[in-house]
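Each chain, letter by letter, is given below.
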Protein chains: 4
Amino acid sequence: MTEKKKMIAVIGGRDCDETLYRQAREVGRLIAEGGAMLVCGGRTGIMEAACRGATEAGGTTVGILPGNDINGANEWVTIPIATGIGLARNSIIARTVSAAIAIGGQYGTLSEIAYCFQYGVPVFAIQSWEINGVEHVETAEEAVRLALENG
Amino acid sequence: MTEKKKMIAVIGGRDCDETLYRQAREVGRLIAEGGAMLVCGGRTGIMEAACRGATEAGGTTVGILPGNDINGANEWVTIPIATGIGLARNSIIARTVSAAIAIGGQYGTLSEIAYCFQYGVPVFAIQSWEINGVEHVETAEEAVRLALENG
Amino acid sequence: MTEKKKMIAVIGGRDCDETLYRQAREVGRLIAEGGAMLVCGGRTGIMEAACRGATEAGGTTVGILPGNDINGANEWVTIPIATGIGLARNSIIARTVSAAIAIGGQYGTLSEIAYCFQYGVPVFAIQSWEINGVEHVETAEEAVRLALENG
Amino acid sequence: MTEKKKMIAVIGGRDCDETLYRQAREVGRLIAEGGAMLVCGGRTGIMEAACRGATEAGGTTVGILPGNDINGANEWVTIPIATGIGLARNSIIARTVSAAIAIGGQYGTLSEIAYCFQYGVPVFAIQSWEINGVEHVETAEEAVRLALENG
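Residues numbered from 1 in each chain as written. Chains lettered and ligands numbered in written order. Predicted model: local features only at pLDDT ≥ 70, side-chain atom pairs only at ≥ 80, totals over all residues. Heavy atoms only, no water.

Asks: Explain the sheet that holds strand β2 (residues 37-40) of chain A residue by residue, including any values.
Replies: Residues and elements named next belong to chain A. Read from one edge to the other, the open sheet built from seven strands follows the order β4-β3-β2-β1-β5-β6-β7, with strand pairing classed as parallel. Of all the strands in the sheet, the pair left with one neighbour each is β4 (79-82) and β7 (135-136). The pairing of strand β1 (residues 7-12) with strand β5 (residues 99-103) spans five bridges and is classified as parallel. Counterpart to Gly 12 in the pairing with β5 is Ile 103. Docked against the sheet, helix α3 (residues 89-96) engages β1, β2 and β3 (61-65), running at close to 150 degrees with respect to β3. Each of β1, β5, β6 (123-126) and β7 is contacted by helix α5 (residues 140-150), which is oriented at about 175 degrees to β6, the strand it contacts most. (Pairing = 2+ DSSP bridges. Helix = DSSP H or I, 4+ residues; strand = E, 2+ residues; numbered from the N terminus. Contact = heavy atoms within 4.5 Å. Axes fitted to C-alpha atoms, helices over the stretch in contact; angles between N-to-C directions.)

Asks: Which residues make up the relation of the copies chain B and chain A, and what are the values?
Replies: Least-squares fitting of chain B to chain A yields an RMSD of 0.0 Å, with the transformation described by 0.0 Å of translation along the axis and a rotation of 180 degrees. In the structure described here, the two chain copies are related by an operation that fits a two-fold rotation axis. When C-alpha positions in chain B are compared against the rotation axis, the closest is assigned to Ser 111 of chain B, at 2.2 Å. (Least-squares fit on C-alpha atoms with pLDDT ≥ 70 in both.)

Asks: Give me the packing of aromatic side chains: which residues, what numbers.
Replies: Enumeration according to the criterion identifies 14 aromatic pairs over all chains in this entry. On the numbers, 4.9 Å between centres and 45 degrees between planes, the contact of Tyr 107 of chain A with Phe 117 of chain B is tilted. One end of the pair, Tyr 107 of chain A, is in helix α4 (residues 107-118); the other, Phe 117 of chain B, is in helix α4 (residues 107-118), on a second chain. One exposure class covers both Tyr 107 of chain A and Phe 117 of chain B, and it is buried. Considering the side-chain rings of Tyr 107 of chain B and Trp 129 of chain B, the 5.6 Å spacing of their centres and the 40 degrees angle between planes classify their relative orientation as tilted. One end of the pair, Tyr 107 of chain B, is in helix α4; the other, Trp 129 of chain B, is in the loop between β6 (123-126) and β7 (135-136), with 22 residues separating them in the sequence. In this pair, the class of Tyr 107 of chain B matches that of Trp 129 of chain B, namely buried. Each member of the aromatic cluster is reached from another via a ring pair, and the members are Tyr 115 and Tyr 119 of chain A together with Tyr 115 and Tyr 119 of chain B. Directly above the aromatic system of Tyr 119 of chain C lies the positively charged group of Arg 95 of chain C, at a separation of 3.6 Å from the ring centroid. (Phe/Tyr/Trp six-rings, centres within 6.5 Å; stacked < 30°, edge-to-face > 60°. Buried < 20%, exposed > 50% of the residue type's maximum accessible area, 1.4 Å probe, protein only. Lys NZ or Arg CZ within 6 Å of the ring centre and 35° of its normal.)

Listed below in structure tokens is the structure:
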């Protein structure tokens, strides 16, 4: 039987500034160093930064893509999944993980947070939506520690 | 060529109190009287109330169900669609309509509001989530008038 | 409580010749005259022909579209559903109906036939796939009679 | 940038006899030894056998599950994805891979073969559906060799 790794989502916007990009990359690195697998939407911005940090630390990154083509994944995705179901794929990300870290983000991130809470998945956030249930933290370290402990 | 009716979503919780139930029923009635078609998740609570009001006024109600069986629809759904894709169906509701009315609701409603904004669909709300972009109103009349004008 | 109509799928190719187009239109007309609702993929070819026949006879036609926009429906769809989930929507069509009529068709039609049998939905066919379980008939009349009796 | 591995699907029934189980396990082993990643539906029967062979050879196995829970995966899945979209997930498997190997199977396998051809993915088969386009082979070696060459 294969050893199961924890699966942690990083959710956030396709576009982000340098500060959030750096934090997402750090989150990705710490997820990999914590022995967990990173799951995300597989695209640019926060998703790319997190995947980059995780693969630089030798981790595995799963990109649940909205589109039809695995080549739509950012270059640090190791396992691209071409769902072809558009943004309905946000539900799959939330179903698959045991904890999520939200970093920044717009309405796409909001739909993922909402799905997480429907499925009982805790969400830890850095500068993201102020929604009832989200636990806000300051640092990448704190976000990953809480996700690994509660996921 | 068939005449296309406007399609308006009513989104809200599976459970609701009497006051919101009454308002949702009134919203359903006004959508039908306004010549539009009601689209919803097809289940209980706010969805049932809106379908009830619409069919009582002679309207058509589309229920985009999460489950595998059209018999999971409430009794006032005239067109049940058994998506079998679970809550990922929330994306389909938002894609299909030109405006949405949110009434109360929990995280499911939140994911639908988020999808609406991703797809450029305006959301009018009665006692629902305070999310940037949502236009809050007091009455069923105002919600339906705005949805028909902006949808 | 609203009266529930039977829901019958017509499945077939986006492209078709004049003979199959005529038969699909006749199938659509007979479904409407039989008091059932027509469900299809909402696009061109066989789907368009069936919707045309049904709406010309005063029936209701549901188009479960692969794309993001209800304007992608053919002009004889009365209820367009923009799933945005691509060809995964073929599963929704099969889930929603109690019988299906296949007319011609390529691999898309084959996936719909396969889904129908997974969900226990009988399939009657005019010049379509020779798959174990499909009941082949010669005429639109026979296809619709069997679909209404067994659906 | 991460090195992209080829992704090869193994599709087949939830139930299978000993002979097919052995062949699927061999197919899984050869996929892993060929440096490719195995993608499947994540469940029992052929899917389990293929995952088992692949993980025994040190490979990575992706299970695109129909249900809501990653614990529904067989024990040899290393990357479980809980789609929650039921059998509509068959489309995701076909979208994600560059070649597929069908082993035995019923209507679920048929829908996956159909999706593969819609998406231009070649299908090699061992004792599976006789569908136009499927290339039938006798051995696991031949199936995997062709999948790796054409995928």
